[in-house]
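Structure assessment
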Amino acid sequence: MLINLSMLYISNTDMLSYRRFLILGGAVTFAGGAALGYGIATGSQMLVLLAFGTALVLVHLLRRRVDELVVDERLARAGEAASHRVLQLAVPAAALAGVLLVSAGRSEGMLLVLVSTAFMLLYAALFAWYSRRDSLAY
Amino acid sequence: MRTRIREFRERYRLTQEELAELVGVRRETVVFLEKGRYNPSLRLACRIARLFGVPVEEVFIFEEGELRG
């Protein structure tokens, strides 16, 4: 696959449109995902960490250069609803999978149970924190 | 909920893009607002109403029964 490298070049003074941010962010995410996948396939933990960290930093740097509003209150609400739904579905699913694995004698199921419990505790703590604040993001 | 945002916007000869920038949201949100498919925060509603120089209830209109709990 050919990538026009000049499109990826950003000088210090360049600002990005939202559309360009989506293209570049998508390219970085794709490249990071490919490197991460390769790292997992070859068992290279260093590559996994490096790919994940680099992609995260690059997307963050790109986002800082966007001259348009990236997230407004409508999108923030949509994000909240989506996050909530993911939590509602993913955590019980992971907990159930963990319990099934443990009951089948597989010790890695315990990790899933522990992670699910940690997520629920974190959710409860953050909910308590945010519900006490005077105003939220909007 | 029905809104008169489009009517006021056209009266002031503003594009959706311009209105979005003036009140600090994305253009797509203005589209959703004009179609009555998004309930804005109190702050955004007041910002829009203030921009047009009218009370909030002149911009955002709730039908009878819509505000009942």
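Small disclaimer: the values here were computed from a predicted structure and weren't measured.

About the thresholds
Residues numbered from 1 in each chain as written. Chains lettered and ligands numbered in written order. Predicted model: local features only at pLDDT ≥ 70, side-chain atom pairs only at ≥ 80, totals over all residues. Heavy atoms only, no water. Domains from an automatic or database assignment. Contact = heavy atoms within 4.5 Å. Buried area = accessible area lost by both parts, 1.4 Å probe. Salt bridge = Lys/Arg side-chain N within 4 Å of Asp/Glu carboxyl O. Polar contact = N/O pair within 3.5 Å; in protein donor to acceptor, adjacent residues only side chain to side chain. Helix = DSSP H or I, 4+ residues; strand = E, 2+ residues; numbered from the N terminus. Buried < 20%, exposed > 50% of the residue type's maximum accessible area, 1.4 Å probe, protein only. Lys, Arg positive; Asp, Glu negative; His and termini not counted. Axes fitted to C-alpha atoms, helices over the stretch in contact; angles between N-to-C directions. Parallel < 35°, antiparallel > 145°, perpendicular 65-115°, else oblique. Nonpolar A, V, L, I, M, F, W, Y, C, P; charged D, E, K, R; others polar. Phe/Tyr/Trp six-rings, centres within 6.5 Å; stacked < 30°, edge-to-face > 60°.

1. A short note on the domain arrangement of chain A
Split into domains, chain A comes out as domain 1 (5-64) and domain 2 (73-131). Centre-to-centre, using C-alpha coordinates, domain 1 of chain A lies 27 Å away from domain 2 of chain A.

2. Points about the interface of chain A and chain B
Listed per partner, the contact involves 10 residues of chain A and 11 residues of chain B. Roughly 930 Å² is buried in total at the junction of chain A and chain B, and carbon and sulfur atoms are behind 47% of that figure. Where chain A packs against chain B, one counts zero salt bridges. For the interface between chain A and chain B, the tally reads six residue pairs in polar contact (both at pLDDT 80 or more).

3. Let's talk about the environment of A:Ala55
All names here are of chain A. Tracing the backbone through its elements, the reader meets Ala 55 in helix 3 (residues 45-64). Residue Ala 55 is classed as buried on the basis of its relative accessible area, which comes to 16%. When the C-alpha positions of Ala 55 and Leu 100 are compared, they lie 34 Å apart, and in sequence the two are 45 residues distant. The contact partners of Ala 55, leaving out residues within four places of it in the chain, are Val 28 and Gly 32.

4. Details of the side chain of A:Arg74
If you trace the backbone, A:Arg74 turns up in helix 4 (residues 73-103). In this structure, A:Arg74 is buried with no salt-bridge partner, the nearest side chain bearing the opposite charge being A:Asp72 at 4.8 Å. Ignoring sequence-local partners within four residues, the contact set of A:Arg74 consists of B:Glu28, B:Thr29, B:Phe32 and B:Tyr38.

5. Regarding the packing of helix 2 (residues 16-23) of chain B against helix 3 (residues 27-34) of chain B
Residue and element names in this part refer to chain B. Their axes nearest at 8 Å, the elements helix 2 and helix 3 cross at an angle of 105°. One way to sum up the angle between helix 2 and helix 3 is to call them roughly perpendicular. Along the contact surface, helix 2 presents Gln 16, Glu 17, Leu 19 and Ala 20, while helix 3 presents Arg 27, Val 30, Val 31 and Glu 34. Residue classes in the contact of helix 2 with helix 3 are distributed as four nonpolar, one polar and three charged.

6. Examining the environment of B:Ser41
Residues and elements named next belong to chain B. For Ser 41, the position within the fold is in the loop between helix 3 and helix 4 (42-52). You can call Ser 41 buried: its relative accessible area is 8%. Only 3.1 Å separates the side chain of Ser 41 from the backbone nitrogen of Leu 44, close enough to count as a polar contact.

7. Details of the packing of helix 2 (residues 18-42) of chain A against helix 3 of chain A
Residues and elements named next belong to chain A. Interaxial distance between helix 2 and helix 3 falls to 8 Å at its minimum, and their mutual angle equals 175°. If you check the angle between helix 2 and helix 3, you find them roughly antiparallel. In this structure, helix 2 uses Phe 21, Leu 24, Gly 25, Val 28, Thr 29, Gly 32, Ala 35, Leu 36, Tyr 38, Gly 39 and Ile 40 to contact helix 3, whose residues at the interface are Leu 47, Val 48, Ala 51, Phe 52, Ala 55, Leu 58, Val 59, Leu 62 and Arg 63. When the residues that make up the contact of helix 2 with helix 3 are grouped by side-chain class, the tally is 15 nonpolar, four polar and one charged.

8. What to know about the packing of aromatic side chains
All names here are of chain B. Taken as a whole and assessed by the stated rule, the structure comprises four aromatic pairs over all chains. Residues Phe 8 and Phe 52 carry aromatic rings whose centres are separated by 5.3 Å and whose planes lie at 20° to one another, so their mutual orientation is stacked. Of this pair, Phe 8 sits in helix 1 (residues 5-11) while Phe 52 sits in helix 4; the two residues are 44 residues apart in sequence, bridging distant segments of the chain. Across the pair, Phe 52 and Phe 8 agree in class, each one buried.

9. Some points on the pattern of salt bridges
Residue and element names in this part refer to chain B. In this structure the tally under the stated criterion is seven salt bridges over all chains. The partner of Glu 10 in a salt bridge is Arg 6, and the shortest N-O contact between them spans 3.1 Å. Of the two residues, Glu 10 and Arg 6 are both situated in helix 1; the distance of four residues between them amounts to about one turn of the helix. Residue Glu 28 pairs with Arg 26 through a salt bridge whose shortest N-O separation is 3.3 Å. For Arg 26, a relative accessible area of 9% puts it in the buried group. Shared partners join several salt bridges into a network, and the residues in it are Arg 4, Glu 7 and Arg 11.

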